[in-house]
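Geometric and topological summary
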Amino acid sequence: MRRLATAAVVTAVVAGVWTTSAPTRAQAPAADLVLVNGKVITVDPRDAVAEAVAITNGRIVAVGTTAEIRGRAGAATRLIDLGGRAVTPGLIDTHVHFTEVDQLFNVDLSDPAIDEMADVLKKVAEAVAKTKPGEWIRGRGWDEGKLKERRHITAADLDKVAPNNPVWLTNTTGHYGVGNNYAMKIAEIRKGTQPPPAGTIVHTDSGDPNGVLLESAQNLITRHVPPMTREQQKAGIAKIIADFNAEGMTGAKDPGISPLKWELYNELLKEGTLTVRMFALWSGPRRLDEAAAVMGRVNAQPRPPQSLGDGLLFSGGVKMYMDGSGGARTAWMHEDWNKNLNDVDTGNVGYPATPPDQYRTMATNFHRAGVHVSTHAIGDQAIDWVVDTYAQALAATPRRGLRHGIIHANTPTDHAIDEMARMQRDYDAAFPEASAGFMWWLGDTYAGNFGPRRNQRMKPLRTWLTKGVRWGGASDFGVTPFAARYGLWASVARETLNATYGKTPFGMAEAVDVRTALKSYTIWAAHTMFLDDRVGSIEVGKEADLAVWDRDPYTVPTAALKDMKAELTFVKGRIVYRGPSFQTAARGR
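A brief look at the structure comes next. Computed from a prediction, not measured in an experiment: that's the story for all the values here.

Relative to the helices and strands, R425 resides in helix α12 (residues 414-427). Since its relative accessible area comes to 55%, R425 is described here as exposed. Taking C-alpha positions, R425 is 38 Å from V36, a pair spaced 389 residues apart along the chain.

Spelled out as structure tokens, the structure:
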């Protein structure tokens, strides 16, 4: 006979397992779906671990022991035996450029096996062979830190394999790229060409442009590159949705979207294929005269916590820029950049991407209007400027709960960290969106550029935790691979890909344990996206966004975190990814 539930919420600790069930008057109704015989990592306030979960109408109705949850199975209930596998909340990425259009339609240079210039040129030559003379060759993902030559690709390199096609290859960071001489001719870049504000044209020793363009200078060439078609862009989003789900991922914050991308998200929502919760940030203004148009886009949509598709699509707010890149040494620092670890790039402290006073005015106006703002800030001076801007805006208009974000926040000062903690406590604002994977995927370049002293402050997760700062885990794909398992691992291990300056040049003092790392990709991430009342933990009443894994992240060796495989992924209780081990699921008891 099925066990009768009590009339109140049951809360008990049984054999180390936290057990809860929804209130019932008598016998609890049969659930639609139950998962049993697992290790259910709830990420609830007690970080409790259960054995089983019951789900009805896409919501969690009970969490507890296998014996208890089997009692919620009826004749029509789908029962899935987890066979001891771990379950976590679905993982969330708080900063991801959400498309695989480059991987589908451009030359993909992100493979770590591409480790010397000849490999790059071979990939470009293969594309040239499939392209008519005069047509553009586009690519992305190269990183000089992964090449044996330890230098940028240049126009002279590309001319060897593509003399009759214009070529543009974007660096993995997105903050710089390289064109060949054909492309520079189209763009009319020549000796003496002046860069636009917040941009740099890199030159040879003789003063000629060498093809490398930093920050806004990229636009000199990219404005001539034919854009992807609407169909290609939709295909890129559809692919990453499927690939996210296959990685146990159920939520994303996409910064800097265009009106077309918003339109595509709405199409996918209506088609029922948007199986990743999307918190989209509109591309923000770089100058005061651009702000009104952005505000118009924001005002045309409901604001968080309101959404479209019952929590699937949010017009979240605005993404702004304060500075550039750690890879290009354009991020805005208090002191000169390093290079090659111990050398100094004398006179180079980077520069703001947006005029600082104009940024402060625009960010303050958005705040006053009740708009969520997330700002890209990598350099310590840029982070200070953003944090102080938020503090001033909140002092003038003490509006709690807008959850403003600080994108990347690589090497914050003590002042910035203290202000983050204060604003989170007092105003629910100033949350870092931190890509721990930078230390891995970009780490060999980063370590050389930030230098020995600043490296020890890179992604100061332990200090944040100690001072009460919560953060959202992120990938910044296509800068680094998007699988959140890499971010979990990097938060704990802090290792670089190639150990150019040693395996752990960022030290281990700022490492956190896997339980903390998991919070940053679940409940804390959900909070930054106004979703923590819906998802981010496995608790009664929340929607069932879940991931089933081939291993237990709480007990496997650190190195094994990077290789975790999702075997089932659920969004609102519906299976959106099924691995080989779960091609069928039993019904009934």
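Now that the structure has been shown, we can carry on.
A few words on empty space enclosed by the protein. Taken as a whole and judged by the stated rule, the model has 3 cavities of 30 Å³ or more. Quantified by volume, the second largest cavity comes out at close to 60 Å³. Taken together, G437, W440, A474, S475, T480, P481, F482, A483, A484, Y486, G487 and Y521 make up the lining of the second largest cavity. When residues in the lining of the second largest cavity are grouped by element, the largest group, 3 residues, is from helix α16 (residues 484-493). Here the lining of the second largest cavity is composed, by residue class, of 8 nonpolar, 4 polar and no charged.

Peptide bonds are mostly trans, and most non-glycine residues show a negative phi. Across the junction of P304 and P305, the peptide omega takes the value 10°, indicating a cis bond. Inspection of the secondary structure assignment puts P305 in the loop between α9 (291-299) and β19 (313-321). That bond from F477 to G478 is cis: its omega, 0°, falls within 30 degrees of zero. Checked against the element boundaries, G478 lands in the loop between β25 (472-473) and α16. Non-glycine residue N37 carries a positive phi angle of around 60°. In this fold, N37 is placed in the loop between β3 (33-36) and β4 (39-41). Accessibility expressed as a relative area gives 30% for N37, which makes it partly exposed. Of note, A409 is a non-glycine position whose phi angle comes to about 50°, a positive value. Secondary-structure assignment places A409 in the loop between β23 (405-408) and α12. Judged by its relative accessible area of 0%, A409 is buried.

The axes of two packed helices give the description: the angle between them and the distance between them. Helix α8 (residues 259-271) packs onto helix α7 (residues 230-246) with a crossing angle of 55° between their chain directions and a minimal axis gap of 10 Å. With respect to α8, the axis of α7 lies oblique. Both α7 and α8 take part in a crossing whose hand is right-handed. When α7 is examined against α8, the residues R230, Q233, K234, I237 and I241 are found in contact with a partner set consisting of L260, K261, E263, L264, Y265, E267, L268 and E271. Taken together, the residues of the contact of α7 with α8 sort by class into 6 nonpolar, 1 polar and 6 charged.

All right, on to the nonpolar core then. Counting 102 residues, the largest nonpolar core has F98, F244, I406, M420 and W464 as the members making the most contacts within it. Setting aside its immediate chain neighbours within four residues, W464 contacts A409, P412, I417, M420, P432, A434, V469 and W471. Judged by nonpolar contacts, the second largest core, of 22 residues, contains L109, A127, W142 and A328.

Criteria and cut-off values
Residues numbered from 1 in each chain as written. Predicted model: local features only at pLDDT ≥ 70, side-chain atom pairs only at ≥ 80, totals over all residues. Heavy atoms only, no water. Helix = DSSP H or I, 4+ residues; strand = E, 2+ residues; numbered from the N terminus. Buried < 20%, exposed > 50% of the residue type's maximum accessible area, 1.4 Å probe, protein only. 1 Å grid on protein atoms, 1.4 Å probe; cavity = no way out; pocket = protein on both sides within 12 Å on 5 of 7 lines; lining within 4 Å. Points joined across faces, edges and corners; volume = space filled by probe spheres on them. Nonpolar A, V, L, I, M, F, W, Y, C, P; charged D, E, K, R; others polar. Axes fitted to C-alpha atoms, helices over the stretch in contact; angles between N-to-C directions. Parallel < 35°, antiparallel > 145°, perpendicular 65-115°, else oblique. Left-handed = near helix turned anticlockwise from the far one by under 90°. Contact = heavy atoms within 4.5 Å. Core = buried A, V, L, I, M, F, W, Y, C linked by side-chain atoms within 4.5 Å.

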